[in-house]
Amino acid sequence: MAKKEYYVWLVKCLGAGNPRSSKILEIYDDVAEFYNDIKNKKLKKGVKLSADELRFLYETDISDIEYVFEKYSKFKAQVITIEDELYPEALRHIDNPPLVLFVVGDISGLENELLLTVVGTRKESLYGKRACELICSELCVSGFSIVSGLAKGGDTTAHITALKC
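I will try to describe carefully the structure that is included in this document. Everything quoted here is computed from the prediction, not taken from an experiment.

By the definition in use, this model includes 10 salt bridges. Close ionic contact of Asp-30 with Lys-3 constitutes a salt bridge, the shortest N to O distance being 3.8 Å. In this pair, Asp-30 is assigned in the loop between helix H2 (19-27) and helix H3 (31-39) and Lys-3 in helix H1 (residues 3-14), connecting sequence segments 27 residues apart. Exposure remark for Lys-3: the relative accessible area of 34% places this residue in the partly exposed category. Linking Glu-89 and Arg-92 is a salt bridge whose minimum nitrogen-to-oxygen distance equals 3.2 Å. Of the two residues, Glu-89 and Arg-92 both sit in helix H6 (residues 89-92), three residues apart, roughly one turn of that helix. For Arg-92, a relative accessible area of 27% translates into the label partly exposed. Bridged by salt links that share partners, the residues Lys-3, Asp-30 and Glu-83 form one connected network.

So this is what it looks like as structure tokens:
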């Protein structure tokens, strides 16, 4: 099993951005080792998880995430983990960095670009949408690249606007 699969499994089980994922990786040298310990129901000292998180980790098998790779391969998306060379260096140094990135296109130039992350509400108002379009279009023309999670609402508006620019 490839490490990418274990990382996607962890993110699927605990959710993207869960700070406990980073803590687990401070305790475990290898995400596969954590997976094996979960399946054997023996954890190293210091791992703190809620009862619901433990239940989900116990019940979710690595084979349960195969659909993720099938789905993203249709879009020719790369699955990049925090251990991969392609993982953006700037992200490694933020608090609670994302463990997995799903990337379409070439990200090699991101190291030298001006980046802006847009985080918006999922139910954006018409005013919010127009403001996001205006701000993002001006920033794109000025040389910024828009990066974010592509969630519904403001994130999507920012990406669509960037692609139009």
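The rest of the description comes next.
What follows deals with the nonpolar core. Within the largest apolar cluster, 30 residues are counted, with the highest numbers of intra-cluster contacts made by Trp-9, Leu-10, Ile-24, Phe-34, Leu-49 and Leu-57. For this core, the secondary-structure elements that each account for two or more residues are H1, H3, strand E1 (78-81) and strand E2 (100-103). When residues of this core are assigned to their parent elements, the largest contribution, seven residues, is made by H1. In this view, Leu-57 contacts Trp-9, Leu-10, Cys-13, Leu-14, Phe-34, Ile-38, Lys-39 and Leu-49; residues no more than four positions away in its chain are not counted.

Here Ile-82 is to be found in the loop between E1 and H6. For the pair formed by Ile-82 and Pro-97, sequence separation is 15 residues and the distance between their alpha carbons is 8.1 Å. Here Ile-82 is in contact with Tyr-7, Tyr-87, Arg-92, Pro-97, Pro-98 and Leu-99, once residues within four sequence places are set aside.

On the surface, a cluster of negative charge is contributed by Asp-61, Asp-64, Glu-66 and Glu-70. Along the polypeptide, Glu-70 turns up in helix H5 (residues 66-74).

Between helix H7 (residues 126-141) and helix H8 (residues 154-164), the least distance of the axes is 9 Å, while the angle of their chain directions is 40°. Taken together, the axes of H7 and H8 lie oblique to each other. Between H7 and H8 lies a crossing of right-handed hand. For the pair H7 and H8, contact is made by Lys-129, Cys-132, Glu-133, Cys-136, Ser-137 and Cys-140 and by Gly-154, Thr-157, Ala-158, Thr-161 and Ala-162, respectively. Looking at the contact of H7 with H8 residue by residue, the classes come out as five nonpolar, four polar and two charged.

So, on to the environment of Val-100. Tracing the chain through its elements places Val-100 in strand E2. Here the alpha-carbon distance between Val-100 and Ser-73, two residues 27 residues apart in the chain, equals 15 Å. Setting aside residues no more than four positions away along its own chain, Val-100 makes contact with Tyr-7, Val-8, Val-11, Val-79, Ile-80 and Thr-81.

Parameters at a glance
Residues numbered from 1 in each chain as written. Predicted model: local features only at pLDDT ≥ 70, side-chain atom pairs only at ≥ 80, totals over all residues. Heavy atoms only, no water. Salt bridge = Lys/Arg side-chain N within 4 Å of Asp/Glu carboxyl O. Helix = DSSP H or I, 4+ residues; strand = E, 2+ residues; numbered from the N terminus. Buried < 20%, exposed > 50% of the residue type's maximum accessible area, 1.4 Å probe, protein only. Core = buried A, V, L, I, M, F, W, Y, C linked by side-chain atoms within 4.5 Å. Contact = heavy atoms within 4.5 Å. Patch = residues over 30% accessible without salt bridge, like charges linked within 9 Å, V, L, I, M, F, W, Y side chains within 5 Å. Areas by Shrake-Rupley, 256 points an atom, 1.4 Å probe, with all protein chains shown as cover. Lys, Arg positive; Asp, Glu negative; His and termini not counted. Charge placed at Lys NZ, Arg CZ, Asp CG, Glu CD. Axes fitted to C-alpha atoms, helices over the stretch in contact; angles between N-to-C directions. Parallel < 35°, antiparallel > 145°, perpendicular 65-115°, else oblique. Left-handed = near helix turned anticlockwise from the far one by under 90°. Nonpolar A, V, L, I, M, F, W, Y, C, P; charged D, E, K, R; others polar.

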